[in-house]
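Survey of secondary and tertiary structure
Listed here are the chains, written in short residue letters.
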Amino acid sequence: MPTLRTLECLIAVLDAGSITDAATALHMSQPALSHQLAALEREIGAPVLQRLPRGVRATAIGRAIEADARAALTAADRVVDGGRAAARGEGGLLRLACAESLTASLLAPVLRTWLRRHPAVHVTLTEATSADDLVRHLESGTADLALGPRPTRWTGASELVGTEEIVAVLPADHALARQDRLSFDDLQDQPVVHYHPDNGLAGWLDARATAHGVTLSPVMRTRQAGTAAQLAAAGLGIALVPVTALGPGLPATLKRLHPSVSRDLACLLATPADPLLRRFASDLVDRGVPVHPSAARQLG
């Protein structure tokens, strides 16, 4: 198969009408250029140039392949231009995976600004229910960058976005609402608005409770942390909710846990050398893990 350099040599000779002039334009020696053309003719099995007393011109074979050779060089230029544009954030495809509890609070604000600055970048989003889910998307090649709780089995590149605190959400009139903080012991035998087993928070919180000798008693399960907070506010039980999932106007009491419970949120990179991914990851890290002002005021 001819190389792009070989095709470049052919087109340069056809444009210049001279091997000497083409070699000068390509900053090559004449023997090197002639070698490239000879290799092309051997591969085709027929001459592509007719040597004249002064210069050269295409044979019928040369004319037959000229258009495709030019198209191949143009396509190669587009490949390079497209890659450079993507590296500058002016094009390309960014495939994201995000823990579904973080899409609205962490990812959406960064994504909104990013798309305003880089409108030519096409972005796809897949939501995941657990850290292991995020890893599967990266390993299967369906995502380039993942945002979520730091998984235990990821050995690739990652950037710490921040630490997310888990707090208790209680109905305003709950008996435990008078305490400054809640312990896992306080949750023993209390009805808990828990998470669906598909949500990674379910197993993670169960493990934390078990470490304190407590078994959580689910009265209801949901896939969404924001929904758990709303159900707790409505009086169904106590919910353990990441602060990033707490929006404005939640009619509930928020209590920190003692000892405190938190988890690292990280940005995982499938190809850390990719400048497009690194730029997006940097924007996520710069924004960090925000807490809604109303939640921050309640927690003090």
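No experiment lies behind these values; they were computed from the predicted model shown.

So, about the overall build of the chain. A tally of regular secondary structure across the chain gives 11 helices and 11 strands. On C-alpha atoms alone, the chain measures out to a radius of gyration of 31 Å, which is more than a quarter above the 19 Å that the 2.2 N^0.38 rule sets for 300 residues. Along the three orthogonal principal directions, the C-alpha set of the chain runs to about 105 × 30 × 25 Å. Taking all 300 residues of the chain together, the buried fraction comes to 45%. Looking at the chain alone, contacts between residues at least 24 apart form 74% of all its contacts between residues at least 6 apart. Here the chain displays about 14,800 Å² of accessible surface, and carbon together with sulfur accounts for 52% of that area.

So, on to helix α2 (residues 19-26). Among the residues of α2, those classed as buried are I19, A22, A23 and L26. Across the axial projection of α2, the buried residues extend over an arc of 100 degrees, all falling on one side. Within α2, the exposed residues directed more than 90 degrees away from the buried face are T24 and A25. Next to the buried residues of α2 lie α1 (4-16), α3 (30-44), β1 (49-51) and β2 (56-58). Capping the start of α2 is the job of one residue whose side-chain oxygen sits 3.2 Å from the backbone nitrogen of T20: S18. One or two residues past the end of α2 sits H27, with phi positive at roughly 55 degrees.

In a regular helix each residue adds 1.5 Å, so 13 residues correspond to 18 Å; helix α10 (residues 275-287) covers 18 Å between its end C-alpha atoms and thus fits that length. Burial in α10 covers these residues: L276, L277, F280, A281 and L284. All buried residues of α10 fall inside an arc of 130 degrees around its axis, so they share one side. Among the residues trailing α10, G288 stands out with phi positive, at a value near 75 degrees.

Judged by nonpolar contacts, the single largest core of 36 residues is most densely connected at V169, Y195, L240, V241, L246 and L250. Once residues within four sequence positions are removed from consideration, V169 is found in contact with A229, A232, G237, I238, A239, V241, L246, L250, A252, T253 and L254. If you look at the next biggest cluster of nonpolar residues, it comprises 24 residues, including L96, L145, F280 and L284.

A separate point is the packing of aromatic side chains. What the rule picks out here adds up to one aromatic pair. With a centroid separation of 5.2 Å and an interplanar angle of 80 degrees, the aromatic rings of W114 and F280 are classed as edge-to-face. One end of the pair, W114, is in helix α5 (residues 103-117); the other, F280, is in helix α10, with 166 residues separating them in the sequence. For the pair formed by W114 and F280, the shared burial category is buried.

Parameters at a glance
Residues numbered from 1 in each chain as written. Predicted model: local features only at pLDDT ≥ 70, side-chain atom pairs only at ≥ 80, totals over all residues. Heavy atoms only, no water. Helix = DSSP H or I, 4+ residues; strand = E, 2+ residues; numbered from the N terminus. Rg over C-alpha atoms; globule rule 2.2 N^0.38 Å. Buried < 20%, exposed > 50% of the residue type's maximum accessible area, 1.4 Å probe, protein only. Contact = heavy atoms within 4.5 Å. Areas by Shrake-Rupley, 256 points an atom, 1.4 Å probe, with all protein chains shown as cover. Arc of directions from axis to C-beta. Polar contact = N/O pair within 3.5 Å; in protein donor to acceptor, adjacent residues only side chain to side chain. Expected span 1.5 Å × (residues − 1). Core = buried A, V, L, I, M, F, W, Y, C linked by side-chain atoms within 4.5 Å. Phe/Tyr/Trp six-rings, centres within 6.5 Å; stacked < 30°, edge-to-face > 60°.

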